Structures are given as structure tokens and as C-alpha cells.
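# Coordinate inspection notes
The primary structure of each chain is shown beneath.
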Amino acid sequence: MFAGTYTALVTPFHKGRVDEGAFQKLISDQVRGGVDGIVPVGTTGESPTLGFDEHIRVIELAVRAAKGRVKVLAGTGANATAEAVHLTQAAEAVGADGSLQVAPYYNKPSQEGLFQHFKKIARATKLPIILYSIPGRCNIAIEVPTVQRLAKACKNIVGIKEAGGDADRVSQLRAAIGQRFTILSGDDALTLPFMAVYYGYPTLSLTEICSELLKVRYSDDTLECQVPYPAFGPPEGAEGKDTAQDEWGIQPVPKYHRIGFRELVRIHEEREARQA
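Residues numbered from 1 in each chain as written. Predicted model: local features only at pLDDT ≥ 70, side-chain atom pairs only at ≥ 80, totals over all residues. Heavy atoms only, no water.

All right, on to the nonpolar core then. In this structure, L73, F118, L131 and I157 are the most contacted members of the largest nonpolar core, which totals 40 residues. For this core, the secondary structure elements donating two or more residues are α3 (81-93), β6 (98-102), α4 (111-122), β7 (129-133), α6 (144-153), β8 (157-162), α7 (168-177) and β9 (182-185). With 5 residues, α4 is the largest single contributor of residues to this core. Not counting the four nearest positions on each side in its chain, F118 is found in contact with Q101, V102, A103, P104, L131, I142, L150 and I157. L50, V58, A65 and L127 belong to the second-largest nonpolar core, a separate cluster that totals 23 residues. (Core = buried A, V, L, I, M, F, W, Y, C linked by side-chain atoms within 4.5 Å. Buried < 20%, exposed > 50% of the residue type's maximum accessible area, 1.4 Å probe, protein only. Helix = DSSP H or I, 4+ residues; strand = E, 2+ residues; numbered from the N terminus. Contact = heavy atoms within 4.5 Å.)

Attention now moves to the pairing of β7. Within β7, 5 of the 5 residues are buried, which leaves the element mostly enclosed by the surrounding structure. Of the two faces of β7, the one carrying I129, L131 and S133 and the one carrying I130 and Y132 are both buried. For β6 and β7, the ladder comprises 4 bridges, and the chain directions are parallel. If you follow V102 over to β7, its bridge partner there is Y132. Taken together, β6, α4 and β7 constitute a β-α-β crossover, and its handedness is right-handed. Where β7 lies against β8, 5 bridges are found, and the strand directions are parallel. Bridge pairing links L131 to I160 in β8. (Pairing = 2+ DSSP bridges. Right-handed = clockwise from strand over helix to strand, strands pointing away.)

Below, the structure is given as C-alpha cells:
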């Protein structure tokens with residue numbers, strides 16, 4: 001349902017108000033860059049600092065600008081359950097494709113509290129929901145058994161965005177819930193390890209500035225990626241599919257590379273070891 005690269009969007013302001021023109025242009029740039037979806041009013045979009053009307057307006061603008069070309073996964077989580085329900089229902093009304101639900105920040109609820117919070121939100125909407133576990137910002141993780149309970153109790157809770165810095169969670173979630181539950185990588189640095197453990201899909205803040213330089217496409221056993229250059233360059237032995245001159249006039253290299261997951265991870269680990 002949600003696969004590929006999703007850009008976590010900033011919310012541009014001008015003179016204290018949401019800059020709607022700049023926001024729509026930003027989305028057009030992302031679509032042109034080839035991303036599969038956008039995430040308005042997530043953490044990157046400074047959702048906690050927006051008023052209700054601003055929050056809903058940003059989602060509406062995102063839906064209008066996307067024009068069905070990419071999916072809109074709207075950030076509608078909150079640390080107050082009623083607020084999250086209100087924002088999620090509003091996102092559904094303006095045409096969002098899904099809801100990103102962050103763990104309640106600051107409150108530090110119990111795992112049972114998290115279960116009840118997310119269950120009430122899920123039952124208040126028909127939107128597919130992606131949970132968002134980011135303990136560094138919320139001071140609490142959505143534990144694997146809690147995710148498992150939610151996936152079983154709420155059919156529209158279809159995945160989780162993992163930003164806890166632990167790739168082992170992917171295998172734990174996969175073992176507990178199975179292949180149909182989507183796992184999104186929320187840590188740019190862990191995208192490759194996530195894909196190695198499971199064909200996890202990245203939701204990246206990095207693509208805000210380089211959507212044309214970081215794209216991934218998936219099949220059953222192959223990753224086709226467009227990697228940042230010259231930061232990485234072409235994987236050795238990868239099949240180049242396209243070339244492009246960069247803006248500094250540096251000699252072009254293949255932009256797209258078809259390569260197996262295990263081979264890509266091996267290359268990544270070797271380069272990390274050389275840099276250590």
C-alpha cells in the first residue's frame with residue numbers, strides 16, 4: 001500500500017503565515033524528482049507548532065498539489081487522543097491517502113495506553129494508518145507486542161515507520177506480524193540495513209533536498225536505486241541505466257543501478273569499514 005520513497009515535507013512560512021505558494025512548488029519539485037509519496041505535517045513539517053486550522057490547511061494543500069500523482073501520508077498524530085482523532089478525520093475529509101500516527105510525545109503512556117490511543121484513532125477513520133515510533137523525540141517506543149496487538153485489532157493499521165535506530169526491530173516485527181505489515185525506514189542512515197533485513201521502504205527527510213538523487217525501486221529480489229553522486233558513486237559491477245552531467249561539470253556516472261539487496265549491503269559495509 002505504501003512503498004517507495006516518501007519525502008517528509010517542511011512547512012514553509014512567510015511573515016508568520018504558511019507560504020502556500022512555496023509549499024505547492026515544493027511538492028511539484030518532489031513529484032518531478034520521482035518520489036512515490038509525500039508526508040505533510042510530520043515532525044519535519046513542525047506539526048506541534050501549527051494551529052488546527054493551519055494543520056488541516058497544509059494537508060489540503062498537499063492533496064491538491066499532489067493531484068493524485070503521488071500518495072499523501074498526512075501527519076495527524078498528537079499526544080491528545082481527541083486531537084489526533086479530529087486531525088485524522090479532517091485529513092480523511094480533504095482526501096489524504098493515509099495517516100501517520102506518532103507515539104504520544106511528552107506524556108510517556110504505558111504500552112496499554114498506547115494500544116488504547118491508537119485503537120480509538122483507527123476506529124474513528126477509514127484511512128490506512130502508519131504508526132510512527134520515534135523514541136528519541138517521544139521518549140517512548142511502540143513496542144513490538146503492542147504493534148502486533150494493534151495490527152490484529154485494527155485492520156486499517158497497516159504499517160509502522162521505524163525511527164528508533166535499531167534495525168533488529170525490523171526482523172522482530174516481521175517475525176511477529178508477517179509480510180503484509182509495512183515497515184518504513186525513518187532513519188536515513190539505516191535505510192540499507194532495513195532493506196537487508198526486510199524489503200523495508202524509506203521515508204526520508206533527506207529527499208527534501210535531493211529527491212532526484214535518492215530513489216529506490218523494488219521487485220522481489222532486486223533493488224534499483226539512484227544513489228547520491230559523488231558521495232557514493234556507482235556500485236562496482238552494477239548495471240548502469242542512465243547518465244547525467246552534474247552541475248559542477250564532474251564526469252557523469254550511471255545514475256540508476258540494478259543490484260541485489262545482499263550485494264548492496266555488502267558494498268555499504270565495506271565502505272563503512274574503510275572509512276572507520
